[in-house]
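For reference, the chains in residue letters:
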Amino acid sequence: MDVLGDLAGGFSTALSLQNLLFAAIGVTLGTLVGVLPGIGPALTVALLLPLTYNFDATGAFIMFAGIYYGGMYGGSTTSILLNTPGESSSVVTTIEGFQMAKRGRGGAALATAAIGSFVAGTISTLAITFLAPVIAGFARSFQPADYVALMIVAFVSITALIGRSLLRGMISLFLGLFIGLIGIDNLTGQPRFTFGLPQLLNGLDVVVVAVGLFAVGEALYVASRLRHDKEEIVPVQGSLLMNRDEFKRSWKPWLRGTAIGFPIGALPAGGAEIPTFLSYGLEKRLNPKAPWGKGAIEGVAGPEAANNAAFSGVLVPLLTLGIPTSATAAILLVAFQIYNLQPGPLLFVNSPELVWALIASLYVGNVMLLVLNLPLIRLWVKILSVPRSLLYAAILVFATLGVYSLANSLVDVLIMYVIGVIGFFMRRYDFPVGPMILGVILGPMLESQFRRALQISQGDLTVFVSRPISAILLLSAIFIVVLPYIPRLFGRGQRLVFGSGSDD
Amino acid sequence: MTTEEREPRATPAGGLFGPRLAATALLVLAAVLIMSAFGIAAGGGYSVIGPATIPLVVAIVLLALAAIFALRTTILPDTDLAASAADEERATHWPTIGLVAITLIGYALALDGFSMGPRVVPGLGYVVATGIFLPLASRILGSGSPIRDVTVGFTIAIVVYIGFTQFLGVRLPAGLLGLLL
């Protein structure tokens, strides 16, 4: 068993004292930002990128993976106790979770979320372990045309399935593509969209864009409504444990949630939001007797397992194909590039130690999160009582710090603020920001693969449909665009919406 | 999975002012980009697709999308958007936004100073600028505990400054603190 040998090697790296420490820092930070509404793992990793230039790659990625998972765990706490989803993928959890909290079963809701996340995370990590090398092997036969098709699928799925308006999603995506094009063209050295400004020749750093959109945009948005919105925190009452009945009602939704979440996350049509809605719908259908809308534990257990499984699933296309399918994955891709690592089929050949240490750290991180979350829930809840005014002022401080420490450049900071203002208006008028980030990061990759594909085919555009892989991928892209409108074709139904697309 | 909720809503006329401005900004941006894309030189060497093609495609699609969006804010109004924009408008406290933005720019300028033509304005340095900005921003956002905010501000500033400059090897401007030490 080759995989087991590799995994054992990974564990020996991940279990070193230094890497355990990195994992612990990662999961703690991740839970913290997950609990705090408005800041998520994408922003946190973006902010930490400039700081990790001096770290060794393995340690940095173990920490990032911890933040990634921790954000998921923490998000459920906010959903359940505050009725405000900490992350967009925990929106569904608020429905039943907050009701449970109001009825004094908040502890049980948090417990089923934490254990469900652990179960889903562990099963999904097992799936990654055995699936990723296979897919990476398969992907070695991919041609530039296939990558172009794959990226189109990623674009289409994040714009068409997430967010309330396809039009606004597309605008967001194309704004991102524009930002990605700023700077010198890699192939010919021509400056593009620089408007004569020498500061733009190197393009906009993704960190500048991500921090501007996620941190400053969000902080300005909250600032604008702070005097208007009031929050209600439900204290955790009673036992933090599930009773026998609650456990019996939870374990099947955990497994079903995992089964829904992982494959959807792993498809290049991923994201963690869609499976949470699907899982909620499925549990509702399978358990008609549960007290839906009044705190049905199935409605917390299923979606929470689904979102963790999907989060793990997203790592499959990221590691094996180099295609991010969520904003956080896109930031992780940038992190890889900073370390001169190109995720994709060759990552498993070129940097096996890093990949396997990363996969092993996912097992470790999951255990840590379970240990960290269940007993410390009361502590995390305290964090929710940090005054919003102070919290958002501090977010602005850290956003400025993160961008300033990139290159000690005032211009970078001011550009980041401008992007923050754009992000504020996008949030205000319900433009999803996810497509924009994906456009900034994937746009340049798409262009270079597209040009390479046409170079190989000598300008023949049919190369995208004559290869079976890319033809199938493009067909599925069309299917994804049409999918939300299917209910409308059959009667009076309306366009399906799978979440707000505000964060991940 | 949910379907879009549609509640009965009031007349949307007022709500579309903001989206109209956004549409105008997008149209102007797209037009500027198209002109800019035409100005991209072809570059040397043979290639099937030059450096200008994709930028031009992106700019033209953006123009088309912006035009459709403009239609959705005028003759074919998107009532959902109008209603949500009107809700936003009611909830928005513009002075807060303006003050936060101004303070934020002031903070960036105060970090390490800036030059205006021949004049160089010295900065306050990281610790002092942050120690002032954080409580100020918190106050603007509605905090009523200035002493707590100042304490938190300077604590964060000092911890970050020492941590970054001593342990992470990231340079942060010393400013006034540099004069003291």
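Before reading on, note that the structure itself is shown above.
Residues numbered from 1 in each chain as written. Chains lettered and ligands numbered in written order. Predicted model: local features only at pLDDT ≥ 70, side-chain atom pairs only at ≥ 80, totals over all residues. Heavy atoms only, no water.

## Looking at the side chain of Thr258 of chain A
Residue and element names in this part refer to chain A. Along the chain, Thr258 turns up in helix α10 (residues 244–266). Separated by 2.7 Å, the side chain of Thr258 and the backbone oxygen of Trp254 make a polar contact. Apart from residues lying up to four places away in sequence, Thr258 is in contact with Ala120, Ile123, Ser124, Pro263, Ala305, Ala306 and Ala309. (Helix = DSSP H or I, 4+ residues; strand = E, 2+ residues; numbered from the N terminus. Polar contact = N/O pair within 3.5 Å; in protein donor to acceptor, adjacent residues only side chain to side chain. Contact = heavy atoms within 4.5 Å.)

## Structural notes on the interface of chain A and chain B
In this assembly, 66 residues from chain A lie in contact with 77 residues from chain B. Approximately 6400 Å² of surface area, both sides summed, lies buried where chain A meets chain B, with 74% of it carried by carbon and sulfur atoms. At the junction of chain A and chain B, the tally comes to six residue pairs in polar contact (both at pLDDT 80 or more). Those elements giving two or more residues to the side of chain A that touches chain B turn out to be α8 (166–181), β2 (191–192), α9 (206–225), α11 (273–286), α16 (388–407), α17 (410–428), α18 (434–456) and β3 (496–497) of chain A. Counting residues per element, the side of chain A that touches chain B draws most heavily on α16 of chain A, which supplies 12 residues. Of the residues assigned to the side of chain A that touches chain B, the class counts are 43 nonpolar, 13 polar and 10 charged. (Buried area = accessible area lost by both parts, 1.4 Å probe. Nonpolar A, V, L, I, M, F, W, Y, C, P; charged D, E, K, R; others polar.)

## As for a nonpolar patch on the surface
Nonpolar side chains collect at one region of the surface, where Phe195 and Leu197 of chain A together with Val28, Val32 and Met35 of chain B lie side by side and expose about 470 Å² of accessible area between them. Relative to the elements of secondary structure, Phe195 of chain A occurs in the loop between β2 and α9. (Patch = residues over 30% accessible without salt bridge, like charges linked within 9 Å, V, L, I, M, F, W, Y side chains within 5 Å. Areas by Shrake-Rupley, 256 points an atom, 1.4 Å probe, with all protein chains shown as cover. Salt bridge = Lys/Arg side-chain N within 4 Å of Asp/Glu carboxyl O.)

## Quick look at the nonpolar core
Residues and elements named next belong to chain A. Membership of the largest hydrophobic core comes to 215 residues, with the highest contact counts inside it found for Phe61, Phe64 and Val211. Take this core: its biggest share by element is 16 residues, from helix α15 (residues 352–383). Residue contacts for Val211: discarding those within four places in its chain leaves Leu43, Ala46, Leu47, Val216, Ala399, Val403 and Met416. Ranked by size, the runner-up nonpolar core spans six residues in total, among them Phe277, Ala290, Trp292 and Ala296. (Core = buried A, V, L, I, M, F, W, Y, C linked by side-chain atoms within 4.5 Å. Buried < 20%, exposed > 50% of the residue type's maximum accessible area, 1.4 Å probe, protein only.)

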